[in-house]
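Chain by chain, the residues run as shown.
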Amino acid sequence: MLVVALLHVLCVQAWADPASHWPWPAFKPLEGGSVFEYVALQDAQMHNGTFRSLLAAIKDPQAQAKYREIDAQWQAGQLAVPCVWSRRMGLVKLADGVLVYSPVELLPDVRSALQRLGGVTTIVLPNREHAIHWESWNRAWPNAHVILPQGIHLPSWANPLEVGPGAIPEAVKKILQDFSIEVIGQTGFPEVVLQHQSSGTLLTSDFVYFGSKDKKDMSGRPQVGACTDLYYDAFVRPGPSDVLLPTYRLGLSEVDKRNISQSLQRILAWGPRQILSAHAGRVSSGGKDEAAAILKGSWSWCETQVAEPTLLML
Ligand SMILES: *[C@@H]1O[C@H](CO)[C@@H](O)[C@H](O)[C@H]1NC(C)=O
Ligand SMILES: *[C@@H]1O[C@H](CO)[C@@H](O)[C@H](O)[C@H]1NC(C)=O
């Protein structure tokens, strides 16, 4: 734990940017200035569960033995970082305060830094998995708008504003006037994807898993601490080599594939310049071309059996 805490402090130091007006150095500014990323490791307590669930997906006994050794090293205190997810939160400085996308645990330092900026005015919970920390944020900023997809049931005192595929209420459009909005209509797992217009930053959580169009680029891969390779062997290597997603994102109905490919086309038409994903190893850095290649590498496979909408109208 101490080692993890130290590592966290070192990361925070490395991100210090004296030129930035942002008051807390753990928020790293992206191209364009007003969007920041904040990357946080899960608590070390999550190691056992994460390790076991990843190991269960490995069939090869030799590979299993190799990864059991990593677990043994962690349990013996010989590793600096456990097997836990590294997650990225997006922060956007707006005229009246800050929008947070995919909030992680609200630490006291993060809270006071955001308070100094006028506080959080909008909390976007992009999907079910990335909504779990909503309550501490909502209690810290009870007047903030909480925007989330249909199907996540928050208590009414949280005043949630629901959005659905093709169903964005006018009130939400007004709150998110600096953004383009798309709700990905996957059955049971809708996701709110935003693009901050002036910086061209796409904000996503499970729609994108890679920060690079090149799967071999290790820095772009999903980061699971000491189990980053284990995760890759368990859920990425067994999948199609030209698809930038873990295998558990690939089992979709024809209806879902059609909805996702239509969302993909709309998002590509926005022409994002960089992609900030909660799961990717880093924010994409290759401009519009790489952002488009990452999006297509993630979802173009959904397009293969899509009927042309015009055919349906004949
Ligand atoms: C994790 O599992 C190890 C055995 O592999 C056990 O000794 C340890 O107490 C567990 N830790 C937690 C936090 O559950
Ligand atoms: C698919 O898209 C249509 C049209 O936008 C929408 O009405 C429907 O709810 C979507 N399906 C799912 C599962 O979200």
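What you see is a predicted model, and the numbers here were worked out from it, not measured in a lab.

## A few points about the overall build of the chain
In step 1: When helices and strands are counted, the chain shows 10 helices and 11 strands.
In step 2: Counting across all 314 residues of the chain, residues that qualify as buried make up 40%.
In step 3: Residue pairs at least 24 apart in sequence account for 60% of intrachain contacts in the chain once pairs closer than 6 positions are excluded.

## Things to note about the site of ligand 2
In step 1: If you check the shell around ligand 2, you find P165, G166, G185, T187, P190 and N259 and nothing else.
In step 2: Taken together, the residues that form the shell around ligand 2 break down as 2 nonpolar, 4 polar and no charged.

## Comments concerning the environment of F207
In step 1: Along the polypeptide, F207 turns up in the loop between strand 10 (201-204) and helix 7 (228-236).
In step 2: If we skip the residues at most four places from it in the chain, F207 touches I184, E191 and V193.

## Examining the sheet that holds strand 1 (residues 28-29)
In step 1: What the 7 strands build is an open sheet, ordered 1-2-3-4-5-6-7; its pairing is mixed. For this open sheet the edge positions go to strand 1 and strand 7 (160-163), each flanked by a neighbour on one side alone.
In step 2: Here strand 3 (residues 86-94) runs beside strand 4 (residues 97-101); their pairing, made up of 5 bridges, is antiparallel. Paired with V92 across the two strands is L99, which belongs to strand 4.

## Some details on unusual backbone geometry
In step 1: One non-glycine residue, S102, lies in positive phi territory at about 60°.
In step 2: Structurally, the position occupied by S102 is in the loop between strand 4 and helix 4 (108-116).
In step 3: With phi around 50°, N159 is a residue other than glycine that occupies positive phi space.

## What about the sheet that holds strand 9 (residues 191-196)?
In step 1: Pairing in this open sheet of 4 strands is mixed, and the strands run 8-9-10-11 from one edge to the other. Strand pairing shows two members of the sheet lacking a second neighbour, strand 8 (179-184) and strand 11 (274-277), which therefore form its edges. Taking the axes of each pair of neighbouring strands and ignoring which way they run, one obtains an average angle of 20° across the sheet.
In step 2: Sitting on the sheet, helix 8 (residues 254-270) is in contact with strand 8, strand 9 and strand 10, with an inclination near 165° to strand 8.

## Comments concerning the pairing of strand 3
In step 1: For strand 3, a buried count of 7 out of 9 residues is recorded, marking the element as mostly surrounded by other parts of the structure.
In step 2: Pairing of strand 2 (residues 35-41) with strand 3 involves 7 bridges; the strand directions are antiparallel. Bridge pairing in strand 3 places V39 opposite R88.
In step 3: Adjacent in sequence and paired antiparallel, strand 3 and strand 4 are bridged by 2 residues.

## Here we look at the nonpolar core
In step 1: Counting 57 residues, the largest nonpolar core has V100 and V124 as its most contacted members.
In step 2: When near neighbours in sequence (up to four residues on either side) are disregarded, V124 contacts L99, V100, Y101, I147, V192 and L194.
In step 3: If you look at the next biggest cluster of nonpolar residues, it comprises 15 residues, including F51, L54, V84 and A234.

Criteria and thresholds
All residue numbers refer to positions counted from 1 along the written sequence of the respective chain. The order in which chains are written sets their letters, starting at A; the order in which ligands are written sets their numbers, starting at 1. Totals for whole chains, interfaces and linings use every residue, but because this is a predicted model, local features are given only for residues with pLDDT of at least 70 and side-chain atom pairs only at 80 or more, for both listing and counting. Every helix listed is a DSSP run of H or I at least four residues long, and every strand listed is a run of E at least two residues long, numbered separately from the N terminus. Exposed residues have 12 or fewer other C-beta atoms within 10 Å of their own C-beta, buried residues have 20 or more, and partly exposed residues fall in between, where C-beta atoms are placed from the backbone. Residue pairs qualify as contacts under a 7 Å threshold applied to their C-beta atoms, which are placed from the backbone. Note on definitions: a residue is near a molecule or strand provided its C-beta atom, placed from the backbone, lies within 6 Å of it. Charged means Asp, Glu, Lys or Arg here, nonpolar means Ala, Val, Leu, Ile, Met, Phe, Trp, Tyr, Cys or Pro, and polar covers whatever is left, Gly included. Each pair of strands is called paired provided DSSP finds at least two bridges between the two strands. For every element, the axis is a line fit to its C-alpha atoms; helices are fit only across the contacting stretch, and the angle between N-to-C directions ranges from 0 to 180 degrees. Think of a nonpolar core as buried Ala, Val, Leu, Ile, Met, Phe, Trp, Tyr and Cys residues chained together by C-beta atoms that fall within 7 Å.

Read these as geometric descriptors, not functional statements.
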